[in-house]
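Below, each chain spelled out in residue letters.
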Amino acid sequence: GDEYAKAEFRAHKDVDAAFIATFMREWASYAAQLSRQLGVRGAHRATLVGEHLDVTTLDLFTEEQLGQLYELYAEAHAE
């Protein structure tokens, strides 16, 4: 969670200015979505966190992004 987000912000601090608005818009959307899903009761009471990605969205991902998504998935499902 926190460490992943911090690493993403650090990794993108020197990114081309053309990508900054998209990056920040996506992070703001993610934060708003989590806030709606978790509410005031927190993660332990949430029934669903996140959203499913459709094939159209996944087709827009780069190979690096797909790799990051898989790493996140693997970490979330590690025992």
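Residues numbered from 1 in each chain as written. Predicted model: local features only at pLDDT ≥ 70, side-chain atom pairs only at ≥ 80, totals over all residues. Heavy atoms only, no water.

Caption draft 1: Spotlight on the overall build of the chain. Secondary structure assignment for the chain yields 4 helices and 0 strands. Counting from the amino terminus, the chain carries its helices and strands in the arrangement α-α-α-α. Looking at the chain as a whole, 9% of its 79 residues are labelled buried. As displayed, the chain offers around 7,100 Å² of accessible surface, 57% of which is attributable to carbon and sulfur atoms. (Helix = DSSP H or I, 4+ residues; strand = E, 2+ residues; numbered from the N terminus. Buried < 20%, exposed > 50% of the residue type's maximum accessible area, 1.4 Å probe, protein only. Areas by Shrake-Rupley, 256 points an atom, 1.4 Å probe, with all protein chains shown as cover.)

Caption draft 2: Broad picture of the layout of surface pockets. In this structure, the largest pocket spans a volume of roughly 1,900 Å³. Considering the residues around the largest pocket, the lining is formed by 36 residues, among which Tyr4, Tyr30, Phe61, Leu69 and Leu72 are closest to the centre. Elements supplying a minimum of two residues to the lining of the largest pocket: helix H1 (2-11), helix H2 (17-38) and helix H4 (63-76). In terms of residue class, the lining of the largest pocket is made up of 17 nonpolar, 11 polar and 8 charged. (1 Å grid on protein atoms, 1.4 Å probe; cavity = no way out; pocket = protein on both sides within 12 Å on 5 of 7 lines; lining within 4 Å. Points joined across faces, edges and corners; volume = space filled by probe spheres on them. Nonpolar A, V, L, I, M, F, W, Y, C, P; charged D, E, K, R; others polar.)

Caption draft 3: Representation of the packing of aromatic side chains. Summed over all chains, the structure comprises 5 aromatic pairs. Residues phenylalanine 9 and tryptophan 27 carry aromatic rings whose centres are separated by 5.4 Å and whose planes lie at 35 degrees to one another, so their mutual orientation is tilted. Placement of the pair is phenylalanine 9 in helix H1 and tryptophan 27 in helix H2, with a sequence separation of 18 residues. By relative accessible area, phenylalanine 9 is classed as partly exposed at 37%. For the pair tryptophan 27 and tyrosine 30, a centre-to-centre distance of 5.4 Å together with 85 degrees between the ring planes defines the contact as edge-to-face. Taken together, the positions of tryptophan 27 and tyrosine 30, both in helix H2 and 3 residues apart, correspond to about one turn of that helix. Given a relative accessible area of 42%, tyrosine 30 falls into the partly exposed group. (Phe/Tyr/Trp six-rings, centres within 6.5 Å; stacked < 30°, edge-to-face > 60°.)

Caption draft 4: The packing of H1 against H2, seen in detail. Interaxial distance between H1 and H2 falls to 12 Å at its minimum, and their mutual angle equals 165 degrees. Taken together, the axes of H1 and H2 lie roughly antiparallel to each other. The hand of the H1/H2 crossing is left-handed. Where H1 approaches H2, its residues Ala5, Glu8 and Phe9 are matched on the opposing element by Phe23, Met24 and Trp27. Residues that form the contact of H1 with H2 fall into these classes: 5 nonpolar, no polar and 1 charged. (Axes fitted to C-alpha atoms, helices over the stretch in contact; angles between N-to-C directions. Parallel < 35°, antiparallel > 145°, perpendicular 65-115°, else oblique. Left-handed = near helix turned anticlockwise from the far one by under 90°. Contact = heavy atoms within 4.5 Å.)

This is a description of form; function is not addressed.
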